[in-house]
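Spelled out, the chains give:
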Amino acid sequence: MTDDTKTNANDYRDTLFLPKTEFPMRGGLPKAEPKWIERWDEMRLYDRMREEAKARGAKPFILHDGPPYANGPIHLGTAMNKILKDLVVRGHQMLGYDASYIPGWDCHGLPIEWKVEEEFRSKGRGKDDVPGDEFRAACRAYAAKWIEVQKQGFRRCGVEGDWDNPYLTMNFESEAATVREFLSVAMSGRLVRGSKPIMWSPVERTALAEAEVEYHDRKVPVIWVKFPVQGEDFSVVIWTTTPWTIPANQAVSFNPDISYGLYEVETVMSEEELGFAPFAAPGDKYVLADALAEAVMDSAKVSGFKRVSDVDPKGWTLSHPLNELSDFYKHDVPMLAGDHVTDDAGTGFVHTAPAHGEDDFLVWIANGHTASDIRDIVNEDGVYEHPELPEALQGLDIIRTSGKKRGEQGKANQEVMRLLTEAGNLLSRGVTVIRDAHSWRSKAPVIRRATPQWFIAMDKPGTNGSAPLRDLALKALEDTGFVPPQLRNRITSMVADRPDWLISRQRNWGVPITLLVSPGGEPHTYALPEDKALEVNKRILDAIAAEGVEAWFSAEPAKFLDGIADPAGWEKVTDVLDVWFDSGTTHAFTLRDRGIIDEKTGQADVYLEGSDQHRGWFQSSLLENCATRSMAPYKQVVTHGFIVDSEGKKMSKSLGNTVEPQKVADQFGIEILRLWTASSDFTEDLRISDDILKTNAESYRRLRNTLRYLLGALDGYDEAEAVDAKDMPGLERWVLHRLAESDALIRKSYAAFDFKRVMSAMLNFCGVDLSAIYFDIRKDSLYCDAPSDLRRRSTRTVMALVLERLLVWLAPIMPFTTEEAFLISHIAGKADSVHLLTFPETPESWLDAAHAARWEKIFKVRRVVTGALEVERREKRIGASLEAAPEVYIQEKSLIEAFEGESPADIFITSGAELIDGAGTLAAYHLDDTPGVAVLPKKADGIKCARSWKYFDPKTADPAYPDITPRDAEAVREIREKS
RNA sequence: GGGCCGGUAGCUCAGGUGGUUAGAGCGCACGCCUGAUAAGCGUGAGGUCGAUGGUUCAACUCCAUCUCGGCCCA
């Protein structure tokens, strides 16, 4: 009980309304976040969101998840990717959609197979000792292990989704659906079998796709080789960095646009000068590109030579340089014209081994030869193997495939060079460094090797008369929306230029290519009449549905052909599908088979991935759905950049500039990472560093404190207290205007995936409009006015409306903190979780541009006043602004009128203020950018109110409360009467 | 080497179709408050808009070249 007779200042403290809340100033995020996730689990939040959205008839919004590869823990890039998706999904949920999200994983493929092989090897079992089914089971277990790890990591990031029912490309239903989709492509007639030189890794004994190789510098031999021109006394000279391909040579290419000359060697450098004997001899005659003749002669240690005549290589026939050594090389070597030949390096002639080079293959075919003419002398281990090959070459390896020197060059190159020397056709040799393809797993060099493979043709029309896949895909891209828009170019040009899609892999861990090849070498989908082929397909699908893909691997062709065709001579394809085909099919088994979108015509609203996926998932999904349904599987493609350090350099373990998500979670809390994700421009590269994270922690503090202040100010708030907007003071109506303005901006920004705009709008709104202006001004009313006072009730009403909106506007970005605040807020009763709410209606009537313009004028004057008070402070004449009662001289009429009905002292947070129409004295304070306003800062007269700390004239005091202002006396009366 | 994209204050971002002293928030410096207190408020200092050249009366905004960085490819 207080003693009324005392006038001690502290006495009024308990008559003040000070902010009171359990919401701590500091979030303690690292510890709190996992608890919130548990809570959401327990309440089945994701299911509740679906149920409630459906109950209110919400339109679906589908972001289809691109699957990460299940072979390691998550890193910052994958975390950011998932958080971004979560922002999109949560944002649209808040906008009122039924925004479901099914996360997925990519499970098949080489990297996992490689790891599992390693595991077997460490137990002393080589790849040929492990049965296929056991091997695949081990791969399955390996993927499952990492899926669990990654799932926990993503969940820790606050990503909401159907974590109990994710899609996995290795699920039996997914595998069955992938087979179904593949057979559908096969039936469309776009499938072709070809023998093409493709990238082949001898170490892994597999074909590799572009996405599976990386380019590194490598030291390689370089040789200049003479090909004798038949019927002449001179040779054409070629240059190559792959001596091992010489035994497979079948032609030499030239370019008709290059000028060639016949050159004769006159003198060569001596053995004494060189330390070895040059291969060239005086009198030798070579044909060379004129632009390169000197360089070639240099390499050949020729010290003097002359140009004999112009020549035209067209129509010549050459002999193989090993012609003398074996019957295998007695064949003619034709000259082929090709524009891949240039005269800026080499000799102007290109040795052509169609089995071992893309260009070689193309020029070979273009000159009327066929794929069956191609000499294939290298087996899957990268070893020479051919019955007619000279004994010296049999069994030599190109790349070492095992042991310590794995990946280094094998014996083939040396032996070829030796044989060329023996044959007298090696002109020169050396060593150079080239950038060449290496397997991304083993890091060993890859070779190009012709192998029978399956392709999806880009330019072949479908059997049902549909357009070629390339045309369908390009058309589909035109119909697709792109964020950012300029990236449409990128995927379009990639699709326009890409070669046929190589989909076969000679591996174990994958979805089988379920084709039966007829005795005539055709897949059953073409070899059989359509109805019979469909019957076979049905048997295949039924078997896989019943027993999984093992049903294919273990079956004999008869199982599928009996009664339809004579199984004799038919072969089962044992290759598996490229993993990109699997992932390109995710829309089918995740969205279509689950009934989320229409089987035939449905599209996901958004695919969102990093820019690398223009070549990857965006494209594989596009091609797959165009081949099967003639349209893109998505309406919009959203692309994000990559994470780089504070200098803009990419992250790498060797540079030591990586940031681990777990470390961020432990040190700052994942919400800080979410704040960072939201405030960055994700369409470009995203910079991160410790300092950048600290900056975001500061932003978090500001947002959290704003929520905290609102919660404190609204302690005990009741709807009954609420005041109608039209009855509120001008300042409150200005806040409502800002609220309505923000509402439009926030909705628009979330809809456009522009989270950084949400962030900057929120930070500005909280930091400036609320904290620096509104809260600061209304502190006095909030703390000191009587509970029944209209101004105070208006303040609390507005604060309640502000809090209600801030919580949901921020919820997608800060799901933890907003939930924490929501549950102790005045609207906690509205739902069990803030995430079950949507953005509330914000009356357009709150928008009042004229009113806002008026308040801009008031704030303009306010800035001059605060400036003037700052000078007083510096001069030590005042401390708190309440010690002042300025005279404000205003010449511009509209500025004075803006204050009509308002209390300038309240707005300036001074004990008094007088607005005077006039110029003021020269001594008055003014700002250059606000002419016509001058402030004479006067000290407030009177005594300091013991309650509100405002200075006032004691003569005006209520006799019962002489030490406080009449306003405070009234408030104290009301409070004490009630208690 | 090729294709696409980007380079605005210390940091994160704004800056329709070229046009007055290039903005915000944060950070920083200084000061105030001590009834949002490991908070709050105020004032201030920071950028010739990656570089160079050009078009124009006028360019951060258009063009060219270069440079740095990213993704993809060779």
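Preceding this section is the structure that the text describes.
Residues numbered from 1 in each chain as written. Chains lettered and ligands numbered in written order. Predicted model: local features only at pLDDT ≥ 70, side-chain atom pairs only at ≥ 80, totals over all residues. Heavy atoms only, no water.

*Asks:* When you look at the environment of Lys559 in this model, what are you seeing that I'm missing?
*Replies:* Of note, Lys559 is situated in helix H16 (residues 558-561). On the basis of relative accessibility, which here comes to 39%, the residue Lys559 falls in the partly exposed class. Separated by 135 residues in sequence, Lys559 and Gly424 have C-alpha atoms that sit 58 Å apart. In this view, Lys559 contacts Arg539, Ala543, Glu547 and Ala551; residues no more than four positions away in its chain are not counted. (Helix = DSSP H or I, 4+ residues; strand = E, 2+ residues; numbered from the N terminus. Buried < 20%, exposed > 50% of the residue type's maximum accessible area, 1.4 Å probe, protein only. Contact = heavy atoms within 4.5 Å.)

*Asks:* What is the right way to read the nonpolar core from this model?
*Replies:* Most often, soluble globular proteins have nonpolar side chains that are buried together. Among the nonpolar cores identified, the biggest contains 141 residues, and Leu673 and Leu806 are the most heavily contacted of them. Ranked by residues supplied to this core, first place goes to helix H24 (residues 755-784) with 15 residues. Core analysis: the next-biggest nonpolar cluster, separate from the first, contains 60 residues, Leu477, Ala551, Leu591 and Leu622 among them. (Core = buried A, V, L, I, M, F, W, Y, C linked by side-chain atoms within 4.5 Å.)

*Asks:* Any chance you could explain the sheet that holds strand S8 (residues 235-240) here in plain terms?
*Replies:* In sheet architecture, strand pairing relies on hydrogen bonds along the backbone and comes in two forms, parallel and antiparallel. Taking strand neighbours across the sheet as the criterion, the six strands line up as S12-S10-S11-S8-S7-S16 in an open arrangement whose pairing is mixed. Single-partner strands in this sheet number two, and they are strand S12 (302-310) and strand S16 (426-439). Between one strand and the next, the sheet's axes are offset by a mean angle of 35°, whatever the strand orientation. Pairing geometry for strand S7 (residues 213-228) and S16, over 13 bridges, is antiparallel. Residue pairing in the sheet places Ile223 in a bridge with Arg429 of S16. (Pairing = 2+ DSSP bridges. Axes fitted to C-alpha atoms, helices over the stretch in contact; angles between N-to-C directions.)

*Asks:* I keep staring at the side chain of Ser518 and nothing clicks. Help me out?
*Replies:* Relative to the elements of secondary structure, Ser518 occurs in the loop between strand S21 (516-517) and helix H13 (524-527). In this view, Ser518 contacts Ala527, Gly569 and Trp570; residues no more than four positions away in its chain are not counted.

*Asks:* Would you take a moment to explain the layout of surface pockets for this structure?
*Replies:* In this approach a probe as big as a water molecule rolls over the atoms, and the regions it shows empty are the leftover space. Its boundaries defined by the atoms lining it, the second largest pocket holds a volume of some 790 Å³. Lining the second largest pocket are 38 residues, and of these Lys779, Tyr783, Leu882, Ser948 and Trp949 lie nearest its centre. Per-element tally for the lining of the second largest pocket: the top contributor is H24, with nine residues. (1 Å grid on protein atoms, 1.4 Å probe; cavity = no way out; pocket = protein on both sides within 12 Å on 5 of 7 lines; lining within 4 Å. Points joined across faces, edges and corners; volume = space filled by probe spheres on them.)

*Asks:* Would you take a moment to explain the sheet that holds strand S28 (residues 887-890) for this structure?
*Replies:* Taken in spatial order, the four strands make up an open sheet running S29-S28-S31-S30, and their pairing is mixed. The outermost strands of the open sheet, each flanked by one partner alone, are strand S29 (914-917) and strand S30 (925-927). Strand-to-strand twist across the sheet, computed as the mean angle between neighbouring axes with direction ignored, equals 25°. Here S30 runs beside strand S31 (residues 930-936); their pairing, made up of two bridges, is antiparallel. Following the sheet pairing, Leu927 is matched in S31 by Thr930.

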